[in-house]
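Results of the structural survey
Read off the chains here:
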Amino acid sequence: MSGFAEIIVDLSSEQVDRLFTYRIPDGLTLVPGQRVEVPFRTKSLEGFVIAIRETTELDEKIIRPVLRVLEDYPAILPEMIELARWMQKKYHCNLVDGLRQMIPAQMRGGRVREKTVEIARLLAEGDAFEQALAANARAPKRQEVLRTLAEGPKPVPFLNMIAPGAAKKLASMGLVEIVPDGVRRTPYADLSGSTAPDPELMPEQADAVERVNAALDAGGGRFLLHGVTGSGKTEVYIRAIRHAMASGRGAIILVPEISLTPQMVDWFRRRFGADAAVLHSRLSAGERFDEWQRIRSGEARVVIGARSAVFAPIENPGIIIVDEEHESSYVSDKRPRYDARDVARWRCDYHGAVLLLGSATPSIATYMKAMPGVRPVNRLELIEMNERVKGRALPEVEIVDMRDELVKGNRSIFSAALVGALQECLAEGHQAILFINRRGYSTFVSCRACGYVEKCSQCDVSMTFHQSDGMLHCHYCGDMRLPPKVCPQCGSRFIKYFGTGTQKVEEEVSKLFPQAAVLRMDIDTTGGKDAHERILSAFRRGEAQVLVGTQMIAKGLDFPNVTLVGVVAADLSLHVPDYRSVERTFQLITQVAGRAGRAEYPGKVILQTYDPEHYGIVLAAKQDYRAFYFKEETMRRRGLYPPFTVLARLLVSSRSEETARSVAKALEAQLNQMLDSRADWRRDVIQMRALEAPLKTLRGEARWQVFIKMYARSSADEVISQMELLERQPFEGARVELEVNPSAML
């Protein structure tokens, strides 16, 4: 093939964020989406073929040739090239930053390859086989290997277990042929995946399936599936995916937590067998590559995974499902800062597929799109499931005022009601979940004499005491140190550990109920590969009676024997300085409460709080989402918070506090100048100024921000585009990052 290839080199730099023309050597065939190696300046780089041209306006004498093809197939589908272009505009990133999301990271640089194993195949047949047996009469183990191979080809490692080196020896005698053969690395291989029958659908489930399937047949649609915890949303997902597959299309289902993946994989493998593949960051490089290969080749048409699985190379997706759509983990915290829900919507629009967002506690912004009066371009069709499967009741919720416990002299982290409920639950042979939205042992270490709080030297945050290693930990930069024995500020020995973390809860349960086995699930216990699966599987098998954990146990998990949920400190996240703090508290409480009573045993929830009258607590206890939505929507409208407004900031970080401040002030002046150039821009600005970030230092860097709040109109998009240009300016000694409606304004 002759001609020219338009290639983007795999180098994330604004200076090379454009297409370069290369000559296609004779005898080489290229198609868009293939990865190639090309000469670039004084070295060779990998690149992505974006387009093929028969002619060029450039001087052909200066055009350099493509060096080689990295794979004999296009790694990037044509659709995904268009998606990367959309991401380039939407998220203000380089084109190659978008393309990199489409392949396993280890493919770049050849850091992962197909795994092979040596396979032995018998060459001697008939009389030759009998002669081979006779020739090895004095080597009975080799004879055993020959007889084993007579049944069919076998891996050499397997044969070596019979007789080490026998296969190689037989190959040297010309009796056996040894060839390499590809083998898949399969994550969650120990999950049975045994088939499961279809359960009978409840009327609300059947209606949901009918509506989604009708949209699939009609060429697409967008839905919000709002179902109470335990209403059977997963079964709706499965039936809709099956309908998509029946028409020759594929499906992607996103889950917010890696901890949910093993359970979801098990469910889907039972229904879809080898058609189900899994993608997430905790897989080994080889597992991720092999699963990606299965999807790319069409071997697997159903993909389950976390945020990045939205880029799975399904050629013709019929439905993309975003489970627990309200979760902030769907937004990437690294460039490109994509929102997987937006990417899913783009892919669905491109293919005429169905986008299905599911949650028991949808985000305010999402639920608003299902309300009357929304523009068609943003509208979601609401599907509601208000009943649990098989008519099971929602758990009984008891709010406990911890102020009363103090008056009664109870200084424990557990109320009398929770202790009694735990006692009853364990006596009946059932299991309990204790939830606290904080890991560690104590929240902070303080001096009772002068009020000094031990803080991280690199970050403007208090350090957390961990009982397991007796150290203070910073949960932002990872710094560790021994706790002080005397106050560094006043010399007092009155050092006290305040607050409650998962370790302390675990310890208290073990003291109160020494006969009960306790498992803890937080970021400290789930660092290793497959750690989530091991902990959850052990709990599901009944190896422990109590599971203590952070928000990773609050949603999606289904344990039939759990009848009690204790929310140890319901208001820990209620008064965080963030406009979404009440919404997040409501979501967490509602979700974790939903883990109780999901089978034939009724469930109970003990909700401990120091603010029992707060509407977020009261409505979460009632599991009344609609009442909460209308209350919170009113609060947001009055306070001028998203989705009625847009919040954005240029976050400046520097080793020098003075540099961070001066850069922020310079950006503020530039932004003011731009706003003054357009009256409509300035009119829509509610607030704009440079100031120190709430978290003044992080990982040893000073932080300032240029903050802006605007009405959610078209002018806001235009201003943010201009802020992107400001972000891209070079600043010596400082780093600038643009954040739009960030998940945390710290």
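Reference entry: report on the structure contained in this document.

Procedures and definitions
- Residues numbered from 1 in each chain as written.
- Predicted model: local features only at pLDDT ≥ 70, side-chain atom pairs only at ≥ 80, totals over all residues.
- Heavy atoms only, no water.
- Helix = DSSP H or I, 4+ residues; strand = E, 2+ residues; numbered from the N terminus.
- Contact = heavy atoms within 4.5 Å.
- Pairing = 2+ DSSP bridges.
- Axes fitted to C-alpha atoms, helices over the stretch in contact; angles between N-to-C directions.
- Expected span 1.5 Å × (residues − 1).
- Buried < 20%, exposed > 50% of the residue type's maximum accessible area, 1.4 Å probe, protein only.
- Arc of directions from axis to C-beta.

Structural notes on the environment of arginine 337
- One can find arginine 337 in the loop between β13 (317–323) and α11 (340–351).
- Each C-alpha atom of the pair arginine 337 and threonine 526 lies 25 Å from the other, and the pair is 189 residues apart in sequence.
- Excluding residues within four positions of it along the chain, arginine 337 makes contact with Tyr91, Ser332, Glu727, Glu737 and Leu738.

Here we look at the sheet that holds strand β29 (residues 701–711)
- In space, the 4 strands of this open sheet follow the order β28-β29-β27-β30, with antiparallel pairing throughout. Looking at strand neighbours, the two that pair on one side only are β28 (685–698) and β30 (735–740), the edges of this open sheet. Adjacent strand axes in the sheet meet at a mean angle of 20 degrees when their direction is disregarded.
- Relative to β29, strand β27 (residues 645–654) runs antiparallel, the two being bridged by 10 bridges. Looking at β29, one finds that threonine 645 is bridged to tyrosine 711.
- Sitting on the sheet, helix α22 (residues 714–727) is in contact with β27, β29 and β30, with an inclination near 10 degrees to β27.

Details of helix α7 (residues 203–218)
- Between its terminal C-alpha atoms α7 stretches 23 Å, which fits the 22 Å expected from 16 residues at 1.5 Å a residue.
- Inspection of α7 places Gln205, Ala208, Val209, Val212, Asn213, Ala215 and Leu216 among the buried residues, and these make up the whole buried set. Buried residues along α7 cover an arc of 155 degrees about the axis, so they all sit on one side. For α7, the exposed residues set more than 90 degrees away from the buried face come down to Pro203, Glu210, Asp217 and Ala218.
- Of the surrounding secondary structure, the elements contacted by the buried residues of α7 are β9 (221–227), α8 (233–246), β13, β14 (354–359) and β15 (381–385).
- Positive phi appears at glycine 219, one or two residues downstream of α7, with a value of about 105 degrees.

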